[in-house]
Amino acid sequence: MVEIELENITKTYGKNLALKDISFVIKDKEYFIILGPTGAGKTTLLKIIAGLERPDSGKVLFDGKDVTAKSPGERNLGFMFENYALFPHMNLVENVAYSGRVHARDKEMTKTLVDQVLMMTLLTGRDDALPEELSGGMKQRVALCRALMNLEQTRLLILDEPLKALDAGLRMNLREELLLMAKSKQLELTVVHVTNEEQEAMMVADRIALMNQGEIIQIGTPHEIYYVPKDLFVANFLSEINYFEGICIKNETPLWDIHQKSVQKDKFYAEIHEGSSPMLLDLGFDSQFAACVKNDVFEQINHGEKILLVVRANHMKLRLGDRLIDKRNGFIGKILRRKFMGVFYRFEVSIKVKEKEKKVIVTIPATTEIHEKFLEDSEVTIYFPIELGMVFKYPGEQTIQDILKLE
Ligand code: ATP
């Protein structure tokens, strides 16, 4: 239970600017995720919050009090960093119990707590194992157990990729456990959790801060980050995307009712649509396209200006044959490749834009019909609901290449 405020934090290592003037607030009792690619500065930021690193400039405030110069011990927090730092000469139970000893609990109480955290992390039964005898995932769980040992005296839990080396099933369970624990009435923790996995972020976060190259690019709820990404970097970080270059059209009457579905028929789409206006787009096809744009962005983009339209692969719809007559925002294409991915199929579809071939990725839940009928070489119609098209001011060829790492 603590509100954390970061004010103009800057950190350099030699010539390397790891954090550039970072300011934001983590609210009391919030499960806050710091997400970003490798080297973004996530761990550095976390260490500054924990007191393991000092910023070059800027302040860290806990509940309004300046703690910038305070040690981790004085900040009253539990933390787990990526390098597990287990004591090599202590066995599993001793490693976990150590932090109980530090906080001067009686033996009985420590044992109960150790048993609880070991059970939660499925480590029961390996009491005597030394760190060198444990797998990477087990060591990680022991380190997590140590961070969890002091929670009743802790107001803040700091986790650096706590679930990284674990297999999928265990990772899923532990995510749920962490969330339940953080939100339990007895603890009501503030949690700051670093990850580079977007699924993990989506599942546990109240809010996510997405970082890149030492900067915070966007902070928002998982829903905001997913449906209203600030730019191409954010959109691309969260799932596979398709992008199209186009022109904004503001001086034509739409040839189809671009307001209809969202407002009247579908509550979910209507929610995404809130505070947005549909923008007509020329993508270089014969037909008109449209996508919803947040009102402030709509105002900033002028008629005739170049834009980038982004549609997530899982927001594209796929139908067999030519269905353009009854599907708006659609393209005709041919399935080049399809790949069974377990719960979904991933299709690479070739379409033509101004006589040039373009590849569009579509992912859809795997069903018997998809398996039997949507075969390679089939002609298909791809289309997308206007609410799920994301429009950005054109960021320039080089930026697109850099973000999407195109050759
Ligand atoms: P990852 O996901 O790979 O852990 P990250 O987002 O946590 O990455 P940081 O570890 O915070 O990123 O590193 C940010 C930048 O600062 C990187 O360029 C890194 O090389 C540099 N850096 C971090 N720690 C040090 C250090 N002790 N000495 C020198 N450079 C450092």
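Not measured: the values here are computed from a predicted model.

## Brief notes about helix α14 (residues 397-404)
Logical step 1: Buried within α14 we find Ile-400, Ile-403 and Leu-404. The buried residues of α14 occupy one face: seen down the axis, they fall within an arc of 85 degrees.
Logical step 2: Packing partners of the buried residues in α14 comprise α9 (232-238), β11 (241-249) and β14 (306-312).
Logical step 3: Looking one or two places after α14, you find Lys-405, whose phi comes out positive at around 50 degrees.

## A look at the site of the ligand
Logical step 1: Inspection of the region around the ligand gives 13 residues, with Thr-38, Gly-39, Lys-42, Thr-43 and Thr-44 positioned closest.
Logical step 2: Taking Ala-40, its main chain carries an N or O atom lying 3.0 Å from an oxygen atom of the ligand.
Logical step 3: At a separation of 2.8 Å, an oxygen atom of the ligand approaches a polar side-chain atom of Lys-42.
Logical step 4: Compared with its free state, where it exposes 630 Å², the ligand has 61% of that area covered by protein.

## Notes on the domain arrangement of the protein chain
Logical step 1: As assigned here, the protein chain comprises domain 1 (4-227) and domain 2 (241-404).
Logical step 2: If you average the C-alpha positions of domain 1 and of domain 2, the two centres end up 39 Å apart.
Logical step 3: Counting residues at the interface gives four residues for domain 1, matched by seven residues for domain 2.
Logical step 4: For the pair domain 1 and domain 2, the two sides together bury roughly 460 Å², of which 55% comes from carbon and sulfur.
Logical step 5: On the domain 1 side of the interface with domain 2, the three residues burying the most area are His-223, Tyr-226 and Tyr-227, jointly 98% of the side's total.
Logical step 6: Inspection of the domain 1/domain 2 interface yields zero salt bridges.
Logical step 7: In terms of residue class, the side of domain 1 that touches domain 2 is built from three nonpolar, one polar and no charged.

## Points about the environment of Val-25
Logical step 1: On the secondary structure map, Val-25 appears in strand β2 (residues 16-26).
Logical step 2: A C-alpha to C-alpha distance of 33 Å links Val-25 and Asp-167, two positions 142 residues apart in sequence.
Logical step 3: With near-sequence residues (within four places) excluded, Val-25 lies in contact with Glu-3, Ile-4, Glu-5, Glu-30, Phe-32 and Arg-207.

## Structural notes on the pattern of salt bridges
Logical step 1: By the definition in use, this model includes 20 salt bridges.
Logical step 2: For the salt bridge of Lys-20 with Glu-215, the shortest nitrogen-to-oxygen distance reads 3.9 Å. Of this pair, Lys-20 sits in strand β2 while Glu-215 sits in strand β10 (residues 215-220), and the two are 195 residues apart along the sequence.
Logical step 3: Residue classification places Glu-215 among the partly exposed positions, given a relative accessible area of 37%.
Logical step 4: Residue Glu-188 is joined to Lys-185 by a salt bridge in which the shortest nitrogen-to-oxygen separation is 3.5 Å.

## Focus: the nonpolar core
Logical step 1: Membership of the largest hydrophobic core comes to 64 residues, with the highest contact counts inside it found for Val-96 and Leu-148.
Logical step 2: The leading source of residues in this core is helix α5 (residues 136-148), at seven residues.
Logical step 3: Summarising the domain contributions, this core has at least three residues from each of domain 1 (4-227) and domain 2 (241-404).
Logical step 4: In contact with Leu-148, other than residues within four places in its own chain, are Val-117, Met-120, Leu-157, Leu-178 and Met-181.
Logical step 5: One finds Val-293, Leu-318, Val-360 and Ile-382 within the second-largest nonpolar core, a separate group that totals 32 residues.

## Notes on the sheet that holds strand β4 (residues 57-62)
Logical step 1: Here four strands make up an open sheet; going across it, the order is β2-β1-β4-β5 and the pairing antiparallel. Where the open sheet ends on each side, the last strands, each with one partner, are β2 and β5 (65-66).
Logical step 2: Strand direction decides the pairing type here: strand β1 (residues 4-13) and β2, joined by seven bridges, are antiparallel. Note that in β2 the partner of Glu-5 across the bridge is Val-25.

Each value, and the rule that gives it
- Positions within a chain are numbered from 1, following the residues in the order the chain's sequence is written.
- In keeping with the model being predicted, local features are shown solely for residues with a pLDDT of at least 70 and side-chain atom pairs are shown and tallied solely at 80 or more, while totals for entire chains, interfaces and linings include all residues.
- To get the side-chain values, all heavy atoms of the structure are used, and hydrogens and water are removed first.
- Here the term buried applies to any residue with accessible area under 20% of the maximum for its type, exposed to any over 50%, and partly exposed to those in between, with areas from a 1.4 Å probe on protein chains only.
- By the criteria applied, helices consist of DSSP H or I runs no shorter than four residues and strands consist of E runs no shorter than two, each listed in order from the N terminus.
- Working note: the arc is built from the helix axis to C-beta atom directions.
- Any two residues whose heavy atoms approach within 4.5 Å are treated as being in contact.
- One heavy atom within 4 Å of a molecule or strand is enough for the residue carrying it to be called near that molecule or strand.
- Distance and chemistry together define a polar contact, namely a pair of N or O atoms within 3.5 Å, with one atom able to donate a hydrogen and the other to accept it when in protein, and with adjacent residues in sequence counting only for side-chain atoms on both sides.
- What sets the accessible areas is the Shrake-Rupley method with a 1.4 Å probe; for residues, cover comes only from the shown protein chains.
- The domain boundaries here were taken from an automatic or database domain assignment.
- Here the quantity called buried area is the total loss of accessible area, with a 1.4 Å probe, experienced by two parts when brought into contact, counted for both.
- Note on definitions: salt bridges are taken to be side-chain nitrogens of Lys or Arg within 4 Å of carboxyl oxygens of Asp or Glu.
- Under the scheme applied here, ten amino acids are nonpolar (Ala, Val, Leu, Ile, Met, Phe, Trp, Tyr, Cys and Pro), four are charged (Asp, Glu, Lys and Arg), and all others, including Gly, are polar.
- Here, nonpolar core refers to any group of buried Ala, Val, Leu, Ile, Met, Phe, Trp, Tyr and Cys residues whose side-chain atoms link them within 4.5 Å.
- A pair of strands is labelled paired if DSSP reports no fewer than 2 bridges between them.

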